[in-house]
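# Descriptive structure summary
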Amino acid sequence: MSINGGAWPLHAAAVAVLVAGYGWLGSVVDGAFGAAVGCAAGLILCALLYLLVESAVSGKAPRGGRRRD
């Protein structure tokens, strides 16, 4: 994929594909309203996955816990 001659960043392409997929699935199930709900679900899922992966790779201790050295 390219925008104005440049390549899309991988995370932007992944978000676009996930949101479009959920939107399409929602449109199959319930038309335009389902598509809107599916797109919103895709965006929420992307945000949750981003936060999960970011906390996993950052090395921070989970909330309420102590990190052992």
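Our subject in this report is the structure included herewith. Every chain begins its residue count from 1, and numbering advances along the sequence as written. Confidence filtering applies because this is a predicted model: local features only for residues at pLDDT of at least 70, side-chain atom pairs given and counted only at 80 or more, and all residues used for totals across whole chains, interfaces and linings. Side-chain numbers here rest on the full set of heavy atoms in the structure, without hydrogens or water.

### Here's the deal with the overall build of the protein chain
- Helix and strand assignments come from DSSP, with helices taken as H or I runs of at least 4 residues and strands as E runs of at least 2, each series counted from the N terminus. Across its full length, the protein chain holds one helix and two strands.
- The N-to-C order of helical and strand elements in the protein chain reads β-β-α.
- Buried, partly exposed and exposed residues are distinguished by accessible area as a fraction of the type maximum, computed with a 1.4 Å probe on protein chains only: under 20%, between the cut-offs, and over 50%, respectively. Relative to its full complement of 69 residues, the protein chain shows a buried share of 13%.
- Using the Shrake-Rupley algorithm and a 1.4 Å probe, accessible areas are obtained, with residue cover drawn only from the displayed protein chains. With an accessible surface of roughly 5,700 Å², the protein chain has 67% of that area assigned to carbon and sulfur atoms.

### Overview of the layout of surface pockets
- Cavity means a closed set of points on a 1 Å grid over the protein atoms alone, one where a 1.4 Å probe fits but cannot get out, pocket means an open set with protein on both sides within 12 Å along at least 5 of 7 lines, and lining means a residue has an atom within 4 Å of a point. Grid points are joined across faces, edges and corners, and a volume is the space filled by probe spheres set on the points. Within this model, the largest pocket holds a volume of roughly 160 Å³.
- Forming the walls of the largest pocket are His11, Ala14, Val15, Cys46, Ala47, Leu49 and Tyr50.
- Classifying every residue of the lining of the largest pocket gives six nonpolar, one polar and no charged. Polarity classes work like this: nonpolar for Ala, Val, Leu, Ile, Met, Phe, Trp, Tyr, Cys and Pro, charged for Asp, Glu, Lys and Arg, and polar for all others, with Gly in that last group.

### Some points on a nonpolar patch on the surface
- Two joining distances apply to patches: 9 Å for like charges and 5 Å for nonpolar side chains (Val, Leu, Ile, Met, Phe, Trp, Tyr), and every residue must have over 30% relative accessible area and no salt bridge. Whenever a carboxyl oxygen of Asp or Glu lies within 4 Å of a side-chain nitrogen of Lys or Arg, that contact is scored as a salt bridge. Among the surface-exposed residues, Trp24, Leu25, Val28 and Val29 lie close enough to one another that they form a single nonpolar patch of about 460 Å² accessible area.
- With respect to the helices, strands and loops of the structure, Val28 is situated in helix α1 (residues 10–58).
- Assessed through its relative accessible area of 53%, Val28 is described here as exposed.

### Digging into the environment of Val37
- Structurally, the position occupied by Val37 is in helix α1.
- As a C-alpha pair, Val37 and Leu25 span twelve residues in sequence and 9.9 Å in three-dimensional space.

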